[in-house]
Amino acid sequence: MKAVVLEEYNKPLVIRDVDIADPGVHEVTIEVKACGLCLSDVHIAEGKVPTVTLPHIPGHEIAGVVAKTGSGVKDFQAGDRVAMSLDLYCGRCDYCLRGETNRCDNLARIGFETDGGYAQFVNIPASNLEVLSEKISFEKACIIPDAVACSYRAIKYVGQVGVGDRVGVLGVGGLGMQAVQIAKLMGAHVIATSRKDEKCDRAKSLGADIVINTGKKDFLEEVKKSVGQFDVVIDNIGTRESVLEALAASRRGGKVVVMAFVTPELTVPGYDLVINEKQVLGSRASNRNEFREAMRLVNAGLIDPDIEAVIPVTQVNQAHEDLKNGKFQTRSVLSMDFE
Ligand SMILES: [Zn+2]
Ligand SMILES: [Zn+2]
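Residues numbered from 1 in each chain as written. Chains lettered and ligands numbered in written order. Predicted model: local features only at pLDDT ≥ 70, side-chain atom pairs only at ≥ 80, totals over all residues. Heavy atoms only, no water.

A. Molecular detail of the coordination of the zinc ion (ligand 1). Looking at the zinc ion (ligand 1), the protein donor atoms are Cys-38 (SG), His-60 (NE2) and Asp-146 (OD), and they sit 1.8 to 2.3 Å from it. All donor residues of the zinc ion (ligand 1) come from one chain, and their arrangement in sequence is C-x21-H-x85-D. With Cys-38 in the loop between β3 (27-37) and α1 (39-45) and Asp-146 in helix α4 (residues 144-158), the pair connects residues that are 108 residues apart, well separated along the chain. (Donors = N, O, S within 2.8 Å, 3.2 Å for Na, K, Ca; no water. Helix = DSSP H or I, 4+ residues; strand = E, 2+ residues; numbered from the N terminus.)

What follows is the structure, encoded as structure tokens:
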């Protein structure tokens, strides 16, 4: 099969022929149709993810068609349209037994610690698959496991957003655009921020009630004027400054959900934490059940994954360059046409 291979860090990715094994027991071979472009892929190519080994096929946001099934696979057959969870969890550690599969002691991730979806085919456990409705394109579906499901977890389970909550989504991009839609679905009043007008406009078109261009206007003042304070803030920026601003804009007892890991050490004012009972919570990836729920909501037409460019895999190096330089407003994806 053809695949995009990272042979050396900080060198262009190479398209070449690679052998693929037959699917093992309880495994399926997926013919990859589309694969999401994530900043993690750029970090992998730059050698910033220490668990990756070379040569490596990146790509962890995969949608496609079942091509072959290994022995013991009963729920899927060749031709099924699917999207897949990227976590290879063990199913037997303390965390897995609690259903907290994203915290698995023995976690490996497709496209990180194993070869991923920048390829014609990939082998994965059948238990990682969810059926994809005919109505949803592969290009939209491939971003469900990461961009959609991560935001879903942060909003529904970590932030526990409910009807009427005033929710801030700081920094709308690949994840934040999905977060705007999901928070609206939960019945929230949503305020989104960006330093770019185009991103503010896009967030508005996805349902944000209010958008603030923080390059032009004072964030805290605008929040005060519009909703007063936030009940929940989803922080996709993840810097010391963004967390402090999010806390300052939150009500007593409010929650700040931090989704981006940028500043190694964050500062939380003790007064806000103890006296004002404000909560700062981290949210990482999604567990198997949260992915399943996100798939259902997309299949039912309740979430419409927001994607921008669909780029042929042959232009993968340019796509990585554009991703690194912040050229995309939201998630963009590779289509697996190697010809
Ligand atoms: Zn990712
Ligand atoms: Zn486990």
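B. Fine view of the coordination of the zinc ion (ligand 2). Summarising the metal site, the zinc ion (ligand 2) is bound by the protein donors Cys-90 (SG), Cys-93 (SG), Cys-96 (SG) and Cys-104 (SG), whose distances to it range over 2.3 to 2.4 Å. Around the zinc ion (ligand 2) sit 4 donor atoms, and with donor-metal-donor angles ranging over 103 to 118° the site reads as tetrahedral. Ordering the donors of the zinc ion (ligand 2) by residue number gives the pattern C-x2-C-x2-C-x7-C. When sorted by exposure, Cys-90 lands in the same class as Cys-93, which is buried. (Tetrahedral: all angles 85-135°; square planar, octahedral: opposite > 155°, others 65-115°. Buried < 20%, exposed > 50% of the residue type's maximum accessible area, 1.4 Å probe, protein only.)

C. Fine view of the side chain of Asn-213. Along the chain, Asn-213 falls in strand β12 (residues 210-213). The class for Asn-213 is buried, based on a relative accessible area of 9%. Contacts of Asn-213, omitting those with residues within four sequence positions, involve Ser-194, Arg-195, Lys-196, Asp-197 and Cys-200. (Contact = heavy atoms within 4.5 Å.)

D. A negative patch on the surface, seen in detail. Residues Asp-218, Glu-221, Glu-241 and Glu-245 make up a contiguous surface patch of negative charge. For Asp-218, the location among the structural elements is in the loop between β12 and α7 (219-226). Judged by relative accessible area, Asp-218 falls into the partly exposed class, the value being 43%. (Patch = residues over 30% accessible without salt bridge, like charges linked within 9 Å, V, L, I, M, F, W, Y side chains within 5 Å. Areas by Shrake-Rupley, 256 points an atom, 1.4 Å probe, with all protein chains shown as cover. Salt bridge = Lys/Arg side-chain N within 4 Å of Asp/Glu carboxyl O. Lys, Arg positive; Asp, Glu negative; His and termini not counted. Charge placed at Lys NZ, Arg CZ, Asp CG, Glu CD.)

E. Fine view of the pairing of strand β5 (residues 81-84). Neither face of β5 is open: one carries Arg-81 and Ala-83, the other Val-82 and Met-84, and all of them are buried. As paired elements, strand β4 (residues 62-69) and β5 share 3 bridges and run antiparallel to each other. Paired with Val-65 across the strands is Arg-81, a residue of β5. As paired strands, β5 and strand β9 (residues 129-131) are joined by 3 bridges and run antiparallel to one another. Bridged to Met-84 within β9 is Leu-129. (Pairing = 2+ DSSP bridges.)

F. Expanded view of the packing of α4 against helix α5 (residues 176-185). Taken N-terminus to C-terminus, the directions of α4 and α5 make an angle of 45°; their axes are 9 Å apart at the nearest point. As far as their axial angle goes, α5 and α4 are oblique. The handedness of the crossing between α4 and α5 is right-handed. On the side of α4, the interface is formed by Ala-147, Val-148, Ser-151, Tyr-152 and Ile-155, while α5 contributes Gln-178, Ala-179, Ile-182 and Ala-183. (Axes fitted to C-alpha atoms, helices over the stretch in contact; angles between N-to-C directions. Parallel < 35°, antiparallel > 145°, perpendicular 65-115°, else oblique. Left-handed = near helix turned anticlockwise from the far one by under 90°.)

G. Summary view of the domain arrangement of the protein. When the domains of the protein are assigned, the result is domain 1 (2-145 + 286-335) and domain 2 (160-282). Each of domain 1 and domain 2 has a C-alpha centre, and the two are 28 Å apart. Each partner contributes residues to the interface: domain 1 has 14 residues there, and domain 2 has 14 residues. Here domain 1 packs against domain 2, burying approximately 1,000 Å² in sum over the two surfaces, 50% of which is carbon and sulfur. Of all residues in domain 1, Ile-303, Asp-306 and Gln-329 give up the largest surface area on contact with domain 2, accounting jointly for 53% of the area buried on that side. Counting every contact that joins domain 1 to domain 2 gives 1 salt bridge. A salt bridge links Asp-306 to Arg-202, with the nearest nitrogen and oxygen atoms 2.9 Å apart. Taken together, the links from domain 1 to domain 2 amount to 5 residue pairs in polar contact (both at pLDDT 80 or more). Its residues assigned to classes, the side of domain 1 that touches domain 2 comprises 7 nonpolar, 3 polar and 4 charged. (Domains from an automatic or database assignment. Buried area = accessible area lost by both parts, 1.4 Å probe. Polar contact = N/O pair within 3.5 Å; in protein donor to acceptor, adjacent residues only side chain to side chain. Nonpolar A, V, L, I, M, F, W, Y, C, P; charged D, E, K, R; others polar.)

H. Region of interest: the packing of aromatic side chains. Per the counting criterion, the structure on display carries 2 aromatic pairs. Both rings, one in Tyr-152 and one in Tyr-157, keep their centres 6.3 Å apart while their planes meet at 75°; by these two values the pair is edge-to-face. Taking relative accessible area as the criterion, Tyr-152 reaches 3% and is therefore assigned buried. Its end group placed over the ring of Phe-138, Arg-81 keeps NZ or CZ at 4.4 Å from the ring centre. (Phe/Tyr/Trp six-rings, centres within 6.5 Å; stacked < 30°, edge-to-face > 60°. Lys NZ or Arg CZ within 6 Å of the ring centre and 35° of its normal.)

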